[in-house]
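What the coordinates show
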Amino acid sequence: MPPFDVLAPIASIAPFPTVAPFRIDQVTAAPLGMAMLFLAQVLLAALMSWAARGERLRLWNGLALLLLALVALFFTLASWGNSDTTKLSYYLAFDLSRVRGEPFWELLAPLLVRLPYRMALVHGLVVAGYAAAPLLLARHWRVRAWGGWWSLLVVCSPLLRNFLQNGVSRQALLTLLLLPLLLWAARLARLGRWSLGLATGLAATVHTSFPLTLALTLAPRLVTARSLLRLRWQLLLPVVAGLALLVALAAPQALEKLRVYSSLESYFPTYALRPEVIRLQLAMALGVVLVCWQRRLSWGQLLACDRSRSLAIFALLFWLLQQSLHWELMAPITSRLVDAVGFYLLILWLGWLQWQRCCWAGMPALVVTLDAWLLSSLLGSLVLNCGLNDEFLCIPDRWPWQVRYGSGP
């Protein structure tokens, strides 16, 4: 039976398209099944909150693992009809030039083409990593009751529309791997040097946007000169040398892609200008205002706080990226940074709320996020013309062993 739609007929087994836009015909719509799968995630988030408040830690851990499994399953199925996912699933079998300069994908290509649903499964696992990040942070910060809700806030966020719903798996994985470095730079979590080095080194092999994303993650460390003075130069020098080497290795491919985007590419996504993004920004700002009112924070106290300055920097950076899209100023380049900045902005915002012990102030943003998700994604899937376009939530109409991929030129 086809996943989630027992009434949908099995389509004739045909190969994937071999030319752009790589739209596929082995798809179907199953709005009821996908809605039920998402509502199960909401239920799990509520149960996790209840388990945390009752100090049922083993139950919380079990529910967290189940939530991550459902997120992986949901996004594996939902990303099946995306053009980027289909393109890589097809080309990784015989043409690695599509991932030139990204050793991670070149080395793993023989394995990836043997996975069920290929890159769709990879994308589901990447999104599960995005869901796991706030879960782990909630546990680290001892606010487990918010872990499940924070996971939904991230994976459903309109700030990450291009990464998570368009199947931009490689850059999304790079951004996720550099999250530990951001947490270290913003002093939101204590992490070992080996774990930081391993995650950063691996990130350098994943996507050619590594140099730009690396600069973003280190920005919070430059908020105050005093934070640099407290570093030991014996440790700083090898770290700087290592980062410089990683940037040098990724620079040739990054510069080539920069040239293509700046001179040849004209298309750019404008998701960051959509009304649901503006509403989320206002909801996040409302959360900050509520915290300032509750904690009676003055402008002087905010300016004296490194975490507040880091949050302000990323909020300003995201706004500047929005303006570049609005006025079409280097938009093909800046649009590729929107999701990374949006993800880091969400994490810094959650860290700031936790630091002020006002996690409840995140509720307006959660409500706006889930409302946008239900209206634009789940309800919108009722009218999808699956097979005629490359749409998120057009799921496979057959089991993995029934899929026929093109055999190459």
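Structure report, in brief.

Conventions adopted
- Residues numbered from 1 in each chain as written.
- Predicted model: local features only at pLDDT ≥ 70, side-chain atom pairs only at ≥ 80, totals over all residues.
- Heavy atoms only, no water.
- Core = buried A, V, L, I, M, F, W, Y, C linked by side-chain atoms within 4.5 Å.
- Buried < 20%, exposed > 50% of the residue type's maximum accessible area, 1.4 Å probe, protein only.
- Contact = heavy atoms within 4.5 Å.
- Helix = DSSP H or I, 4+ residues; strand = E, 2+ residues; numbered from the N terminus.
- Polar contact = N/O pair within 3.5 Å; in protein donor to acceptor, adjacent residues only side chain to side chain.
- Disulfide = S-S within 2.5 Å.
- Salt bridge = Lys/Arg side-chain N within 4 Å of Asp/Glu carboxyl O.
- Phe/Tyr/Trp six-rings, centres within 6.5 Å; stacked < 30°, edge-to-face > 60°.
- Lys NZ or Arg CZ within 6 Å of the ring centre and 35° of its normal.
- 1 Å grid on protein atoms, 1.4 Å probe; cavity = no way out; pocket = protein on both sides within 12 Å on 5 of 7 lines; lining within 4 Å.
- Points joined across faces, edges and corners; volume = space filled by probe spheres on them.
- Nonpolar A, V, L, I, M, F, W, Y, C, P; charged D, E, K, R; others polar.

A short note on the nonpolar core
One finds Phe-74, Phe-75, Tyr-130, Val-155, Leu-179 and Phe-343 to be the most contacted residues of the largest nonpolar core, which totals 123 residues. Apart from residues no more than four positions distant in its own chain, Phe-343 is found in contact with Tyr-130, Val-154, Leu-160, Thr-175, Leu-176 and Leu-179.

Notes on the side chain of Thr-213
If you trace the backbone, Thr-213 turns up in helix H11 (residues 210-218). Of the polar contacts made by the side chain of Thr-213, one reaches the backbone oxygen of Ser-209; its length is 2.9 Å. If near-sequence neighbours (up to four positions away) are discounted, Thr-213 is found in contact with Leu-174, Thr-175, Leu-178 and Tyr-344.

Brief notes about the state of the cysteines
Evaluated as defined, the whole model comprises 1 disulfide. Here Cys-386 engages in a disulfide with Cys-394; their sulfurs sit 2.1 Å apart. Classification of the bridge connecting Cys-386 and Cys-394 rests on its S-S torsion, roughly -85°, and on that basis the disulfide is left-handed. No disulfide involves Cys-358; its sulfur sits 8.0 Å from that of Cys-359, the nearest cysteine.

So, the environment of Gly-380
Residue placement: Gly-380 occurs in the loop between helix H19 (363-378) and strand S2 (394-396). With relative accessibility at 25%, the residue Gly-380 sits in the partly exposed group. Along the sequence, Gly-380 and Pro-31 sit 349 residues apart, while their C-alpha atoms lie 8.8 Å from each other.

Section: the pattern of salt bridges
A complete count under the given rule lists 6 salt bridges for this structure. We note a salt bridge from Arg-309 to Asp-306, for which the minimum N-O separation is 2.4 Å. A residue pair is termed a helical-turn pair when its members lie 3 or 4 positions apart in one helix, as Arg-309 and Asp-306 do in helix H16 (residues 306-326) at 3 residues. The partner of Asp-397 in a salt bridge is Arg-398, with the nearest N and O atoms 2.7 Å apart. Each member of the pair, Asp-397 as well as Arg-398, carries the same accessibility label: buried. Where salt bridges share partners, they join Arg-187, Asp-306 and Arg-309 into one cluster.

Thoughts on the environment of Leu-311
Its place among the elements puts Leu-311 in helix H16. Counting along the chain gives 125 residues from Leu-311 to Ala-186, while the straight-line C-alpha distance between them is 9.2 Å. Dropping the residues within four chain positions of it, Leu-311 is found in contact with Val-288, Leu-345, Leu-348, Trp-349 and Trp-352.

So, the packing of aromatic side chains
One pass over the structure, following the stated rule, counts 17 aromatic pairs. Between Tyr-90 and Tyr-91, the aromatic rings sit 4.9 Å apart at their centres with planes inclined by 80°, giving edge-to-face as the arrangement. In terms of burial, Tyr-90 and Tyr-91 fall into one category: buried. Positioned above the aromatic ring of Trp-355, the side-chain terminus of Arg-307 is 3.7 Å from the ring centre.

Quick notes on unusual backbone geometry
With a phi angle near 60°, Glu-55 is a residue other than glycine that sits in the positive phi range. Relative to the helices and strands, Glu-55 resides in the loop between helix H1 (31-53) and helix H2 (57-78). The phi dihedral of Arg-357 falls on the positive side, at around 55°, and the residue is not glycine. Turning to its location among the elements, Arg-357 is positioned in the loop between helix H18 (338-355) and H19. Note on Arg-357: relative accessible area 60%, which makes it exposed.

Some points on empty space enclosed by the protein
Evaluation of the coordinates by the stated rule reveals 4 cavities of 30 Å³ or more. Considering only enclosed or pocket space, the largest cavity measures out at about 110 Å³ in volume. For the lining of the largest cavity, the secondary structure elements donating two or more residues are helix H7 (161-165), helix H14 (275-295) and H19. Residue contributions to the lining of the largest cavity peak at 5 residues, all from H19. In terms of residue class, the lining of the largest cavity is made up of 6 nonpolar, 5 polar and 3 charged. Taken as a whole, the second largest cavity encloses approximately 90 Å³ of empty space. Taken together, 15 residues form the lining of the second largest cavity, with Asn-162, Tyr-271, Ala-272, Val-338 and Asp-339 sitting closest to its centre. Broken down by secondary-structure element, the contributors of at least two residues to the lining of the second largest cavity are H7, H16 and H18.

Nothing here speaks to function; it is geometry throughout.
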